[in-house]
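Chain by chain, the residues run as shown.
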Amino acid sequence: MARYNARVAEPKWQKVWDKAGLFKAERDDSRAKYYVLEMFPYPSGRIHIGHTRNYTMGDVVARYKLACGFNVLHPMGFDAFGMPAENAALEKGVHPGTWTYQNIADMKAQLRPLGYTHDWSRSFATCDPEYYGQQQALFIDMLAAGLIYRKNAMVNWDPVDMTVLANEQVIDGKGWRSGAVVERRELTQWFFRISDYSEELLAAIDGLKDWPEKVRIMQANWIGKSRGLQFSFAVKDAPKGFEALEVYTTRPDTLMGASFAAISPDHPLAKELERSNPALAAFNAECRRVGTSEEALETAEKRGFDTGLKVIHPLDPNWELPVWVANFVLMDYGTGAIFGVPAHDQRDFDFVHFMAQKNGASLEIIPVFEPPAGEWGQDTAYTPMKSEKVRYSRNTATGRFQTNFGWDELSTGDEAVAAAITYCEANGIGKGVTKYRLRDWGISRQRYWGCPIPVVHCPDCGVVPESKASLPIRLPDDVTFDRPGNPLDHHPTWAATTCPNCGKPARRETDTMDTFVDSSWYFARFTAPRAKTPTDMAEASYWMNVDQYIGGVEHAILHLLYSRFFARAMMKTGHLPVSAIEPFNALFTQGMVTHEIYTSFRPIGGESPEQRARSLRRQVYHLPEEVEGLLPGSQARTFLKADVDKVMALHPQLDREGARDVLARQHPDNIDFPPVYVTPTAKMSKSKKNVVDPDDIIEQYGADTARWFVMSDSPPERDVEWTASGADGAWKHLQRVWRIVEEVLETPQTGEDADLTRATHRAIADVTAGIEGFAFNKAVAKLYEFTNTLARAKGDRRAAMRIMAQLMQPMTPHLAEEIWAAMGGEGLVSAAKWPVADPAMLMDSSIILPIQINGKRRSEISVPVEIDNKSVEELVLADPTVQRILAGQVPKKLIVVPGRIVNVVI
């Protein structure tokens, strides 16, 4: 019996689908549409099996919806701008565009053999001038609509690479690539007014019913709505113009625990004071070099500088607080100034302790909330629970009792905060303010490989948007990377232009856009990727919204939030219909595909044994195919195939097994054959070399095996570990299905099998429910079960095998086409209508009734669903087990619970 030959079948059916134009999406107002989209990839190299899982999920949905009669749009593109391309230019001496487009070609070559339903006629890369030219048009329209502005802002500046770095690119205060100490520098930047939409974006989260709850919570927290008090401290002996220090607090109920005020090193008052205080200037400069994000500051030492100034407590004119410059206060959150409550805030508590230890500073710790016994140690602040009462308000340092301001006996949390705000407003101390954590989106990047910002700087007219007729403003190809900084600044001619207003010489903006901009509207461009405007309203009105979006939870905040903002901005500027205000109807965040990581510690240094023995060692990662296998008796160590080959070369008398034994007995510190250590179940990463190339799987097993495995092993929202045994098991199952097909073809089919018919309709219902509910593993499990049923069935199995082909088609389309053709199916199974289960066939004709005798289960009987109680009693008494236990006795009671159980009492 011939095996199913994936190498022959899969390319054959892909050509058939392409020739038929089966997956080409065209607007058809007479048909309901369905738009399924996976987050598009960055073309950094080759895809791995983790990508395959993501795209297979989308493909299963697309194929299922096609079979259900929908007009399906399932596009694929590439998020192609960004730093990795410039890094490649530096390291490999190639142009970023050359590197990027080669990677795109490689990835397309990997994706096509997987049999996906992508409409490649709509494909684009964000580095295509046709795409970023329309992005520039969007920028101009958004600028005209007041959604974009330019201002000075503090940024992370790498003085060696001469570029702005994102917070994530600052590692231990140094540039991730140059290793230079990063500075906080004020630069003029372009911003999107996303903060104007804070409340709207937050309120709309409740309507995203088909989004994961964890993503909705993450977005809500990122927007960060808070209600607090804004007030001013009066500053004693302040420099002119700085007589008031404005503060925003979400915890005005803790005002009576204040022991100091603190300002950011970037606060205007700090900058004013440093002009006459060199020590403060040095402290501020140090703060600007390290710790720029909230996350970085959270873990950094809490340090400060006493300015010598005092502020007056707003509730007590005789109470003065010292003013410190503190490295943990951010200028871009609140007002850049705070008051510290070390008794009830861990950050403030750490600051007070650190300054006391390092500087001998004495700052009070004034408790406002009395903790339960044992919950307030010497090394921690006490954070009150929401139900905790304000037990006392007494300054323990001075013994002075504080006035009751109306919230002392209220519980903490919203109730006490509201009471504190009410009191302060009534007494002219401050006002209640609603603020958001969300800040405007700075998009300026000092990069070459990005979308040029379409404005010019004219000496007479100022900043002027480019004319749309001149778009796209293309990146120059003849750039070099032999100097630090932005190559656009170094180009001899590119920046020189004329002003669109006055025609005089002007200079182009050399900053390019944050790559998040590129991915914030690509979903809309897919509806009309060749349009001469950002979108075609008729196409967008038909195809939008994205019905099902699929991607990683790591993009839950920024990408999705920016996309939601962009949809609103595009609606305001006339590029999307009102109905697309929330661009993604449903979101699914898939789990990762994991794999073991293999590392060894190899010596670096000289080549002689003595030099190597003295040298340091570095961690080296190895590809799975380089690894031989686990050492006997160990689950933590393995070795390289190359090392086995070396041992065999040194000892010709040894076979491979003998060479492995030699390595197994070696000392772990052997510098010639260092062991390989295994880290189990880690996320696939190209840098750690624990990736599995789908090309290798396709070559060995076929695309359908890869698709089947990644859908079958675990729920799609959870991680799945790729194993060779798992892939082999998937391949064996598909071969078994094909063997059943061969048996059906070779065996005369006689009569109808009622049980098979019923099982077929149950399989249709269960697989449909699995796909609809994104429980692909359950759908696959049902197909395993249905395979077993088909293998046992005795009647005519051809109709059931055709249904099997239809149900397998979303997961294993190539094999499904082979089965469909072999079973005489009409046309292509990929174009066949999805089968519908007969509800009557889903109802069981019989049920199992357990039999209990004196409360203990002894037997069971199978009875028709509609059987009466008298007939059940007769069957129970005729049951051999019951007769044996009764031994001729007459039961005292025989109780039938219809459809559930029978109780016999003797």
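In what follows, the accompanying structure is described. (Residues numbered from 1 in each chain as written. Predicted model: local features only at pLDDT ≥ 70, side-chain atom pairs only at ≥ 80, totals over all residues. Heavy atoms only, no water.)

## Details of empty space enclosed by the protein
Next, step 1: Scanning the model with the defined rule gives one cavity of 30 Å³ or more in all.
Next, step 2: The computed volume of the largest cavity comes to approximately 50 Å³.
Next, step 3: Lining the largest cavity are Tyr 4, Ala 6, Glu 10, Tyr 701, Gly 702, Asp 704, Thr 705, Trp 731, Leu 734 and Gln 735.
Next, step 4: Take the lining of the largest cavity: its biggest share by element is three residues, from helix H23 (residues 724-746).
Next, step 5: For the lining of the largest cavity, the class distribution of residues is five nonpolar, three polar and two charged. (1 Å grid on protein atoms, 1.4 Å probe; cavity = no way out; pocket = protein on both sides within 12 Å on 5 of 7 lines; lining within 4 Å. Points joined across faces, edges and corners; volume = space filled by probe spheres on them. Helix = DSSP H or I, 4+ residues; strand = E, 2+ residues; numbered from the N terminus. Nonpolar A, V, L, I, M, F, W, Y, C, P; charged D, E, K, R; others polar.)

## Section: the sheet that holds strand E22 (residues 548-551)
Picture the strands of a sheet paired through backbone hydrogen bonds; they go either parallel or antiparallel.
Next, step 1: With respect to topology, four strands assemble into an open sheet ordered E2-E1-E22-E23, the strand pairing being parallel. Only two strands of the sheet have a single neighbouring strand rather than two, namely strand E2 (71-73) and strand E23 (587-589). Strand-to-strand, the axes of this sheet are offset by a mean angle of 15°, without reference to chain direction.
Next, step 2: Bridge analysis of E22 against E23 gives three bridges, and the strand direction is parallel. Of the residues in E23, the one forming a bridge with Tyr 549 is Leu 587.
Next, step 3: Along the sheet, helix H2 (residues 49-67) makes contact with strand E1 (33-38), E2, E22 and E23, crossing E1 at roughly 170°. (Pairing = 2+ DSSP bridges. Axes fitted to C-alpha atoms, helices over the stretch in contact; angles between N-to-C directions. Contact = heavy atoms within 4.5 Å.)

## Brief notes about the pairing of strand E3 (residues 148-158)
Next, step 1: Here E3 runs beside strand E7 (residues 183-192); their pairing, made up of ten bridges, is antiparallel. Residue pairing for E7: Ala 153 is matched across the bridge by Leu 187.
Next, step 2: Note: E3 against strand E4 (residues 163-165), three bridges, orientation antiparallel. Across the sheet, the residue bridging to Asp 158 is Thr 163, located in E4.

## Topic: the packing of aromatic side chains
Next, step 1: Considering all chains together, one arrives at 38 aromatic pairs under this definition.
Next, step 2: Ring geometry for Tyr 55 and Tyr 116: centres 6.4 Å apart, planes at 80°, overall edge-to-face. Of this pair, Tyr 55 sits in helix H2 while Tyr 116 sits in the loop between helix H4 (96-111) and helix H5 (129-144); the two residues are 61 residues apart in sequence, bridging distant segments of the chain. Of the two residues, Tyr 55 and Tyr 116, both sit in the buried class. (Phe/Tyr/Trp six-rings, centres within 6.5 Å; stacked < 30°, edge-to-face > 60°. Buried < 20%, exposed > 50% of the residue type's maximum accessible area, 1.4 Å probe, protein only.)

## Regarding the nonpolar core
Next, step 1: Counting 90 residues, the largest nonpolar core has Phe 192, Tyr 522 and Phe 566 as the members making the most contacts within it.
Next, step 2: Considering each element in turn, this core owes the most residues, eight residues, to helix H17 (residues 558-572).
Next, step 3: Setting aside chain neighbours within four positions, we find Tyr 522 in contact with Leu 37, Glu 38, Met 39, Phe 40, Phe 124, Tyr 131, Tyr 549 and His 559.
Next, step 4: Among the nonpolar cores identified, the runner-up in size contains 70 residues, and Met 57, Val 60, Phe 588 and Leu 734 belong to it. (Core = buried A, V, L, I, M, F, W, Y, C linked by side-chain atoms within 4.5 Å.)

Nothing here speaks to function; it is all geometry.
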